[in-house]
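Now for the letters of each chain:
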Amino acid sequence: MTAPSFRKLESDLEVNKTTLHNWKKNRPKLYEFIIESYKDRELLKKHLDFMITQKQFIENEIDLTKTRVS
């Protein structure tokens, strides 16, 4: 998982690139917290996508079973 780009952070946090650079330099804990939050968010998105795929697979299996029983 990679860190988000400055452009993405600028857009999401509604700050400019200079502010981000200042946070990275002067407030490293805040900056690191932001980066880690994005990594967690990316991981959660992957899990959600996997769950959706599993749901579709299960629904297909249910449909197949109904067809066989009918």
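For the structure, check the block above.
I will try to describe carefully the structure that is included in this document. These figures come from a predicted structure and were not determined experimentally.

Quick word on the overall build of the protein chain
Here is step 1: Scanning the protein chain for helices and strands turns up 3 helices and 0 strands.
Here is step 2: In the protein chain, the order of α-helices and β-strands from amino to carboxyl end is α-α-α.
Here is step 3: Each principal axis of the C-alpha distribution contributes one length, and for the protein chain these read about 70 × 20 × 15 Å.
Here is step 4: Counting across all 70 residues of the protein chain, residues that qualify as buried make up 11%.
Here is step 5: Within the protein chain, counting contacts between residues at least 6 apart in sequence, those at least 24 apart form 45% of the total.
Here is step 6: If you sum the accessible surface of the protein chain, you get close to 6100 Å²; carbon and sulfur atoms cover 58% of it.
Here is step 7: Each charge class in the protein chain was averaged separately, 14 positive and 11 negative side chains, and the resulting centres sit 6 Å apart.

So, the packing of helix H1 (residues 6-13) against helix H2 (residues 17-26)
Here is step 1: In the contact formed by H1 and H2, the axes pass within 9 Å of each other and the chain directions differ by 105°. The angle between H1 and H2 places the two elements in the roughly perpendicular class. Across from Phe6, Leu9, Glu10 and Leu13 in H1, the residues of H2 making contact are Lys17, Leu20, His21, Trp23 and Lys24.
Here is step 2: Residues of the contact of H1 with H2, tallied by class, amount to 5 nonpolar, 1 polar and 3 charged.

Focus on the packing of aromatic side chains
Here is step 1: On inspection of all chains with the given rule, the structure shows 1 aromatic pair.
Here is step 2: Seen in terms of ring centroids, Phe6 and Tyr31 are 6.4 Å apart; in terms of plane orientation they differ by 65°. Their pairing is edge-to-face. Linking Phe6 in helix H1 with Tyr31 in helix H3 (residues 28-69), this pair joins segments that are 25 residues apart in sequence.

Rules of the game
Residues numbered from 1 in each chain as written. Predicted model: local features only at pLDDT ≥ 70, side-chain atom pairs only at ≥ 80, totals over all residues. Heavy atoms only, no water. Helix = DSSP H or I, 4+ residues; strand = E, 2+ residues; numbered from the N terminus. Buried < 20%, exposed > 50% of the residue type's maximum accessible area, 1.4 Å probe, protein only. Contact = heavy atoms within 4.5 Å. Areas by Shrake-Rupley, 256 points an atom, 1.4 Å probe, with all protein chains shown as cover. Lys, Arg positive; Asp, Glu negative; His and termini not counted. Charge placed at Lys NZ, Arg CZ, Asp CG, Glu CD. Axes fitted to C-alpha atoms, helices over the stretch in contact; angles between N-to-C directions. Parallel < 35°, antiparallel > 145°, perpendicular 65-115°, else oblique. Nonpolar A, V, L, I, M, F, W, Y, C, P; charged D, E, K, R; others polar. Phe/Tyr/Trp six-rings, centres within 6.5 Å; stacked < 30°, edge-to-face > 60°.

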